[in-house]
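For reference, the chains in residue letters:
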Amino acid sequence: MKFYIINGPNLNLLGLREPDIYGSENYSSLCAFVESCCKEAQVECEIFQSNHEGELVDIIQSAYNNADGIVINPAAYTHTSIAILDALKAVNLPAVEVHLSDISLREDFRQISYAGMACIKTVKGMGFEGYRQAILYLKSYLVKKISLNG
Ligand code: DQA
């Protein structure tokens, strides 16, 4: 089983950007954490980060036939991108949305999540741990689906 872990704009600046909101650990630490979670869940993963909406769409499209599921933190594009929503719908792979911060407790403009409309679950406000929750949820969702389909 293989997951694509996709991170959107400015997540490459973790550690530097608003540490009071996003924590003091950097993007490499997040990648190492995600890799250890995938090992624990016994799934393969490929981790991506882009600051560009179209590139994120390309990555989601390339998940088709290459991955069994997607964990995505679309960052600011969460709240604006119908292109990312459409790409997730197009590939029709189970996807879990993750946010380091609790977007439901933040500004009004963060209250809508377009990407979330194509996701089976949203994990928010748990920092790095949210990625672990997302990976484990996606794994058990897929295991259940496979056992139901024989
Ligand atoms: C974020 C929340 C978004 O609103 C914000 O634009 C981000 C990060 C999070 O992980 O908490 O860049 O997705």
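Everything here concerns the structure above.
Here is a short report on the structure shown in this document.

Definitions and cut-offs
- Residues numbered from 1 in each chain as written.
- Predicted model: local features only at pLDDT ≥ 70, side-chain atom pairs only at ≥ 80, totals over all residues.
- Heavy atoms only, no water.
- Buried < 20%, exposed > 50% of the residue type's maximum accessible area, 1.4 Å probe, protein only.
- Helix = DSSP H or I, 4+ residues; strand = E, 2+ residues; numbered from the N terminus.
- Arc of directions from axis to C-beta.
- Contact = heavy atoms within 4.5 Å.
- Salt bridge = Lys/Arg side-chain N within 4 Å of Asp/Glu carboxyl O.
- Pairing = 2+ DSSP bridges.
- Axes fitted to C-alpha atoms, helices over the stretch in contact; angles between N-to-C directions.
- Core = buried A, V, L, I, M, F, W, Y, C linked by side-chain atoms within 4.5 Å.

1. Looking at helix α3 (residues 53-63)
- Within α3, burial applies to L56, V57, I59, I60 and A63. Down the axis of α3, the sector holding all buried residues measures 160°, keeping them to one side.
- Contacts made by the buried residues of α3 are with β1 (2-7), β2 (44-49), β3 (69-73) and α4 (82-91).
- Downstream of α3 by a residue or two, N65 has a phi angle that is positive, lying close to 75°.

2. Re the pattern of salt bridges
- Using the criterion set out here, one finds five salt bridges in the structure.
- The partner of R106 in a salt bridge is E107, and the shortest N-O contact between them spans 3.8 Å.
- Among the residues examined, R106 registers a relative accessible area of 19% and is labelled buried.
- Close ionic contact of E107 with R110 constitutes a salt bridge, the shortest N to O distance being 2.6 Å.
- Taking the relative accessible area as the measure of exposure, E107 reaches 33% and is therefore partly exposed.
- Note on R110: relative accessible area 16%, which makes it buried.
- Overlapping salt bridges, with partners in common, bring together E40, E129 and R132 in one network.

3. Overview of the sheet that holds strand β5 (residues 121-124)
- The strand order across the open sheet formed by five strands is β2-β1-β3-β4-β5, and the pairing between neighbours is parallel. On the outer flanks of this sheet lie β2 and β5, each paired with one strand and no other. Direction aside, neighbouring strands of the sheet carry axes that sit 20° apart on average.
- Summarising the sheet, β1 and β3 pair through five bridges and their orientation is parallel. Along β3, the bridge assignment pairs Y4 with I70.

4. Focus: unusual backbone geometry
- Even without being a glycine, E18 presents a positive backbone phi close to 30°.
- Relative to the helices and strands, E18 resides in the loop between β1 and α1 (19-22).
- The backbone of N65 sits at a positive phi, close to 75°, despite the residue not being glycine.
- Tracing the chain through its elements places N65 in the loop between α3 and β3.

5. Brief notes about the nonpolar core
- Formed by 26 residues in total, the largest nonpolar core has its most connected members in I5, L14, V71, Y131 and I135.
- Contributing elements (two or more residues each) for this core: β1, α2 (27-41), β4 (95-99) and α5 (129-148).
- Ranked by the residues each element gives to this core, the list is headed by α2, at eight residues.
- Setting aside chain neighbours within four positions, we find Y131 in contact with I5, N7, L11, L30, V34, V71, N73, V98 and L100.
- Judged by nonpolar contacts, the second largest core, of 20 residues, contains I70, A87, L93 and A95.

Any functional reading would require information beyond the geometric quantities listed.
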